[in-house]
Number of protein chains: 2
Amino acid sequence: MSIRSGRGGGAGSGTAPGARLCAATGPRRVATGRRREATRRRLFEAAVSLIAEQGFSATTVDEIADRAGVAKGTVYYNFTSKNVLYEELLRDGIDQLADSLRQAERTAAARGGSRVDALDAMIRAGLEFCAGSPALTQLYAAELWRTNRTWRATVKSVRGRALAVVESVLRDAVATGELTDELDIQLTASALFGMVLVAALDWQSFQPHRSVEDVHASLSRLVQGRVSGGA
Amino acid sequence: MSIRSGRGGGAGSGTAPGARLCAATGPRRVATGRRREATRRRLFEAAVSLIAEQGFSATTVDEIADRAGVAKGTVYYNFTSKNVLYEELLRDGIDQLADSLRQAERTAAARGGSRVDALDAMIRAGLEFCAGSPALTQLYAAELWRTNRTWRATVKSVRGRALAVVESVLRDAVATGELTDELDIQLTASALFGMVLVAALDWQSFQPHRSVEDVHASLSRLVQGRVSGGA
DNA sequence: ACTTTTAGACTGACTAGTCAGATCAAAGGA
DNA sequence: TCCTTTGATCTGACTAGTCAGTCTAAAAGT
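Residues numbered from 1 in each chain as written. Chains lettered and ligands numbered in written order. Predicted model: local features only at pLDDT ≥ 70, side-chain atom pairs only at ≥ 80, totals over all residues. Heavy atoms only, no water.

Bringing the overall build of chain A into the picture now. Secondary structure assignment for chain A yields 11 helices and zero strands. Traced from its N-terminal end to its C-terminal end, chain A shows the element sequence α-α-α-α-α-α-α-α-α-α-α. A buried classification covers 51% of the 231 residues belonging to chain A. For chain A, restricting intrachain contacts to residue pairs at least 6 apart in sequence, the fraction spanning at least 24 positions comes to 66%. Of the accessible surface of chain A, which amounts to about 11,000 Å², a share of 52% is contributed by carbon and sulfur atoms. (Helix = DSSP H or I, 4+ residues; strand = E, 2+ residues; numbered from the N terminus. Buried < 20%, exposed > 50% of the residue type's maximum accessible area, 1.4 Å probe, protein only. Contact = heavy atoms within 4.5 Å. Areas by Shrake-Rupley, 256 points an atom, 1.4 Å probe, with all protein chains shown as cover.)

Take helix H10 (residues 212-223) of chain B next. Residues and elements named next belong to chain B. For H10, with 12 residues, the first-to-last C-alpha span of 16 Å sits near the 16 Å given by 1.5 Å per residue. Taken together, the buried positions of H10 are Val215, His216, Ser218, Leu219, Ser220, Arg221, Leu222 and Val223. Trailing H10 by a residue or two, Gly225 shows a phi angle of about 70°, which is positive. (Expected span 1.5 Å × (residues − 1).)

As a further point, take the relation of the copies chain A and chain B. For the pair chain A and chain B, the best superposition has an RMSD of 0.2 Å and corresponds to a rotation of 180° with a translation of 0.1 Å parallel to the axis. A rotation of that kind, with that shift, is consistent with a two-fold axis. Same-surface contact between copies: 96% of interface residues of chain A are shared with the interface of chain B. (Least-squares fit on C-alpha atoms with pLDDT ≥ 70 in both.)

The next subject is the interface of chain A and chain B. With 57 residues of chain A at the contact, the number on the chain B side is 56 residues. On the chain A side of the contact with chain B, Trp145(A), Leu187(A) and Phe206(A) bury the most area, a combined 15% of that side's loss. At the surface where chain A touches chain B, the tally comes to six salt bridges. A salt bridge links Glu182(B) to Arg221(A); its shortest N-O distance comes to 2.8 Å. At the junction of chain A with chain B, the criterion picks out nine residue pairs in polar contact (both at pLDDT 80 or more). When residues of the side of chain A that touches chain B are traced back to their parent elements, those giving at least two are helix H3 (34-54), helix H8 (134-143), helix H9 (152-175), helix H10 (185-206) and helix H11 (212-223) of chain A. In terms of residue class, the side of chain A that touches chain B is built from 24 nonpolar, 18 polar and 15 charged. (Buried area = accessible area lost by both parts, 1.4 Å probe. Salt bridge = Lys/Arg side-chain N within 4 Å of Asp/Glu carboxyl O. Polar contact = N/O pair within 3.5 Å; in protein donor to acceptor, adjacent residues only side chain to side chain. Nonpolar A, V, L, I, M, F, W, Y, C, P; charged D, E, K, R; others polar.)

Attention now moves to the packing of helix H6 (residues 82-110) of chain A against helix H7 (residues 115-132) of chain A. Residue and element names in this part refer to chain A. Direction vectors running N to C along H6 and H7 enclose 145°, while the axes themselves pass 8 Å from each other. When you trace H6 past H7, the crossing you get is right-handed. Listed contacts from H7 to Gly93, Gln96, Leu97, Ser100, Leu101, Ala104, Glu105 and Ala108 of H6 are Asp117, Ala118, Ala121, Met122, Ala125, Gly126 and Phe129. When grouped by side-chain class, the residues that make up the contact of H6 with H7 number nine nonpolar, four polar and two charged. (Axes fitted to C-alpha atoms, helices over the stretch in contact; angles between N-to-C directions. Left-handed = near helix turned anticlockwise from the far one by under 90°.)

All right, on to the pattern of salt bridges then. Residue and element names in this part refer to chain A. For the structure on display, the rule yields 30 salt bridges over all chains. Asp62 is the salt-bridge partner of Lys72, the closest N and O atoms lying 3.2 Å from each other. A residue pair is termed long-range when its members are at least 10 positions apart, and Lys72 in helix H5 (residues 72-78) and Asp62 in helix H4 (residues 61-68) qualify at 10 residues. Glu213 is the partner of Arg124 in a salt bridge, and the nearest nitrogen-oxygen pair spans 3.1 Å. Linking Arg124 in helix H7 with Glu213 in helix H11, this pair joins segments that are 89 residues apart in sequence. By relative accessible area, which is 46% here, Glu213 ends up partly exposed. Counted as one network, the salt bridges with shared partners bring together Arg124, Glu128 and Glu213.

One finds Leu127(A), Leu170(A), Met195(A), Leu219(A), Leu170(B) and Met195(B) to be the most contacted residues of the largest nonpolar core, which totals 145 residues. Not counting residues up to four positions away in its chain, the partners in contact with Leu170(A) are Leu119(A), Leu179(A), Leu183(A), Ile185(A), Thr188(A), Ala189(A) and Leu192(A). (Core = buried A, V, L, I, M, F, W, Y, C linked by side-chain atoms within 4.5 Å.)

A few words on the protein's contact with DNA strand D. Near DNA strand D there are 22 residues, and of these Thr39(A), Ala71(A), Gly73(A), Thr74(A) and Lys72(B) occur at the shortest range. Put simply, 77% of the atoms of DNA strand D that lie within 4 Å of the protein are in sugar or phosphate. Here a phosphate oxygen of DNA strand D sits 3.0 Å away from a polar atom, N or O, in the main chain of Val61(B). Between Lys82(B) and DNA strand D, the recorded distance is 3.1 Å, taken from a backbone N or O atom to a phosphate oxygen. (Near = heavy atom within 4 Å.)

Glancing now at the packing of aromatic side chains. Within this structure, the stated rule accounts for four aromatic pairs over all chains. On the basis of an interplanar angle of 40° and a centroid distance of 5.7 Å, the ring pair of Phe44(B) and Phe79(B) is categorised as tilted. Of this pair, Phe44(B) sits in helix H2 (residues 34-54) while Phe79(B) is found in the loop between helix H4 (72-78) and helix H5 (82-110), placing the two residues 35 residues apart along the sequence. Between Phe56(B) and Tyr86(B), the aromatic rings sit 4.9 Å apart at their centres with planes inclined by 35°, giving tilted as the arrangement. Of the two residues, Phe56(B) is situated in the loop between H2 and helix H3 (61-68) and Tyr86(B) in helix H5; the sequence distance between them amounts to 30 residues. We classify Tyr86(B) as buried; its relative accessible area is 1%. If you follow Lys82(B) out to its NZ or CZ, it ends over the ring of Phe56(B), 4.3 Å from the centre. A cation sits over an aromatic face here: Arg159(B) above Phe206(A), 3.7 Å from the ring centre. (Phe/Tyr/Trp six-rings, centres within 6.5 Å; stacked < 30°, edge-to-face > 60°. Lys NZ or Arg CZ within 6 Å of the ring centre and 35° of its normal.)

Right, dumping it as C-alpha cells:
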C-alpha cells in the first residue's frame with residue numbers, strides 16, 4: 001500500500017538508473033561495462049528479429065526482454081525507452097553496412113580494378129550483408145521511407161551514410177570518364193541501393209535456394225548493360 | 001500476438017453486419033452498395049495514409065474513422081475487423097498497379113514498339129503510379145517482405161500479381177531474341193520492380209523537386225546499359 | 001421497407017514505463 | 001583462503017493508460 005510513497009528516500013542519490021548510463025560510458029569505469037555490453041547486444045538482436053517480423057509497434061518490450069532472456073527492467077536499465085533502443089539499433093546496423101561497403105571498395109581498389117569493378121564489388125558486399133542480417137534488412141525496407149515517424153531524422157542520416165559510399169564511387173567513375181557524365185549521381189546511387197536491397201529481400205523471402213553468385217550475376221548483368229545493352 | 005482470441009461469445013449468431021460483406025460482393029445485390037462503396041473507398045484512403053505514416057499497429061481504428069469522416073461503428077459495419085480492412089486494402093491497391101502496368105504494355109505494343117520499349121513504358125507507369133499513390137507505395141515497401149505477419153499470404157499473392165506482368169514481358173523479349181537468354185527472368189523482374197519502387201520512394205521522400213522524366217531517364221539509362229555498357 | 005450510418009459509452013485485454021529491492025563481480029581485509 | 005563491502009546491474013510486480021471491438025437506439029438515405 002504505502003509502497004509507492006517511498007520514493008524520495010532511497011532514490012536520493014541514484015534516481016533513474018538509466019540516466020547513469022551517460023556517466024558509465026563516460027571517462028570513469030571503462031572496463032566495467034563488459035557484462036552490460038553483452039546484455040545490450042543480446043537486446044539488439046532480440047529487438048531486430050522481432051521488429052522485422054512484426055513491426056515496431058506490434059513488438060512489445062516484454063517480448064524483447066523475453067527473447068533476450070532478461071527481465072523487462074533490464075531493457076530500461078540499458079535504454080531510456082523503446083524508441084531509443086530502436087534508434088540505437090538502426091544506427092548500429094547501418095554502420096556495419098557502410099563499413100562493409102567501404103571495405104569492398106578498398107579491396108577492389110587494392111586489386112587495381114576499375115571503379116566499375118569497385119561498384120560491382122559493393123553490390124556483392126551489399127548482397128552478402130543482407131544475407132547475413134536478413135532481419136536488419138527487412139527492417140530498413142520497412143522503415144526507410146516512412147513519414148511522420150519520430151525517428152525520421154535518424155533514418156535520414158542513416159540512409160545518407162550508406163548512400164555516401166556509393167555516391168563517391170560513382171563520382172570518381174564519372175570523373176575518370178569510366179561512366180557517362182549524363183549520370184545523375186544521387187538518383188543512380190539510390191536506384192542501385194534499392195535494386196540490391198529489394199533483390200536481396202526477394203531472394204531471401206521467395207527464392208532462398210539460389211546462391212549469392214547467381215543473384216550477383218543477375219544484378220551485374222543489369223548494371224553493366226548486358227541485358228539490353230544493344231538497344 | 002496475432003488474432004485476438006475474439007471470444008466468439010457475444011456475437012452469437014451472425015450478428016456482425018460486416019460478415020454480410022461477403023454476401024454483398026457476391027452474386028446478390030450488386031447495385032445496392034452505391035453509397036456504401038463510397039464509404040469503403042473513403043475508409044481505404046484514410047487507412048492507407050495513416051498506415052503509411054505510422055504503421056499498421058500504431059494506427060487506431062478511431063483515427064481511421066476520424067480521417068474518413070465516419071463513425072467508428074461504420075468501420076465495423078463495412079469490415080469485419082481492422083485486419084480484414086487492411087487485407088482488402090492491399091489487394092485493392094495492387095490490382096490498380098497491375099492494371100496500369102498491363103495498360104502501359106498494351107499501349108506500347110499498340111504503338112508497335114519493341115518489348116524493351118514496353119518494359120520502359122512499364123517503368124514509367126510504375127513511377128507514375130508510385131507518385132500518384134505515395135502512401136500505398138510506402139505501405140508496400142514496409143510490408144512486402146515482413147515475415148510472420150498474419151497476412152503474409154495476402155502479400156505474397158499480391159506481389160505475384162504485379163510481378164507476373166513484368167515477367168511475361170521479359171519472357172517475350174527473351175523468346176524473340178531481344179534480350180539475352182542468360183537472363184534470369186524471376187530475379188530480373190524482382191530487381192526491376194525493386195529498383196522502381198525504391199527509386200520512386202527516394203524521389204518522393206528525399207528529392208521531390210525532380211520531375212518524372214528525370215527519374216525515368218535515370219532508370220532507363222541504368223536498364224538499357226548506357227551507364228557502363230561500354231565495359 | 002430496407003439498408004446504411006451515427007454517436008459514443010463501455011469492456012476486457014494488453015502495454016510502456018517505474019521502482020524498491022535482489023544479485024553479481026571485483027576489490028579489499030583478516 | 002574465506003569473509004565483507006561496494007557499486008553496477010538486473011529483477012518483476014505494479015501503475016496508469018491505450019485500444020480493438022461491441023452495443024444501443026435512433027436518424028438518414030434510396
